[in-house]
Amino acid sequence: DLTGDWSSDVCSSDLINLKYVQEKMVFSDEIAYIHCEISLNDEKFLALTEDSRNAQQRKLYNYANLLLKNNADHIIYDLMKHTQCYDIGIIYCSYMARDRGLSQEEWLSWLLKELSERVGYEIVACMGSKVNSLHTVADSYREAVMIRSFQFYKKNDIGITRLMKKETESHCSKVNYNKKQLDELIHFI
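Presented here is an overview of the structure given in this document. Computed from a prediction, not measured in an experiment: that's the story for all the values here.

What about the packing of aromatic side chains?
Right, so step 1: Under the definition given, this model contains 6 aromatic pairs.
Right, so step 2: Pairing Phe-45 with Tyr-121 gives two aromatic rings, centres 5.4 Å apart and planes at 65°, and the pair type is edge-to-face. Taken together, the residues span a long stretch of sequence, with Phe-45 in helix H3 (residues 43-46) and Tyr-121 in the loop between helix H6 (104-119) and strand E4 (123-127) at a distance of 76 residues.
Right, so step 3: Three or more aromatic residues joined by ring pairs make a cluster, and in this case those are Phe-45, Tyr-86 and Tyr-121.
Right, so step 4: The lysine or arginine in question, Arg-58, covers the ring of Tyr-77, its NZ or CZ lying 4.1 Å from the ring centre.
Right, so step 5: The aromatic ring of Trp-110 is capped on one face by Arg-100, whose charged end is 3.9 Å from the ring centroid.

So this is what it looks like as structure tokens:
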């Protein structure tokens, strides 16, 4: 049951969205959560009004739908519900890259490049480790969100995203992080 795994991180309206996605998705043996957002390091984006930023977030979602075509049901709009986060979530399945003849890394680079060009702002992504079922995708989600929290400590968003993803693949699956512990760690750092 997916809702039990996400309940501490997601509000009830999102649980309905997740249930919808669960019913519409085509799965593969390898699934990962990708957190995509318009970068808050993009000066042009920060100059926009709140309404304009929200419109750009909707544009990000719409372009992701166009790019993923038959896999558009794998996209979740505004999962984090933070006022300073203009995001979408993507439930990645390994066949998405294979269908395009790409590796996972190449597929993610393609997606970021396309979204950035179409939206007109820098897009960053954080990907959790691969899991083997939708039931455990919450673990991948938590990792992606944790990686996101670290990206603000370095200038190169894409570099830190990839670096942190590689480090967390071997460490995060063995350690159960929760938001309070992570916030305390960041505070001490």
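Some words on unusual backbone geometry
Right, so step 1: Here the phi dihedral of Lys-69 falls at roughly 40°; this positive angle occurs in a residue that is not glycine.
Right, so step 2: Mapped onto the fold, Lys-69 is located in the loop between helix H4 (50-68) and strand E2 (75-77).

Things to note about the pattern of salt bridges
Right, so step 1: For the structure shown, the criterion picks out 5 salt bridges.
Right, so step 2: Two residues, Arg-118 and Glu-114, come together in a salt bridge whose shortest N-O distance is 3.2 Å. Highlighted residues: Arg-118 and Glu-114, both in helix H6, separated by 4 residues, approximately one helical turn.
Right, so step 3: Classification of Glu-114 as buried rests on a relative accessible area of 17%.
Right, so step 4: For Arg-142, the salt bridge goes to Asp-139, with nearest N and O atoms at 2.8 Å. Separated by 3 residues within a single helix, Arg-142 and Asp-139 lie in helix H7 (residues 137-151), roughly one turn from each other.

The rules behind each value
Residues numbered from 1 in each chain as written. Predicted model: local features only at pLDDT ≥ 70, side-chain atom pairs only at ≥ 80, totals over all residues. Heavy atoms only, no water. Phe/Tyr/Trp six-rings, centres within 6.5 Å; stacked < 30°, edge-to-face > 60°. Helix = DSSP H or I, 4+ residues; strand = E, 2+ residues; numbered from the N terminus. Lys NZ or Arg CZ within 6 Å of the ring centre and 35° of its normal. Salt bridge = Lys/Arg side-chain N within 4 Å of Asp/Glu carboxyl O. Buried < 20%, exposed > 50% of the residue type's maximum accessible area, 1.4 Å probe, protein only.

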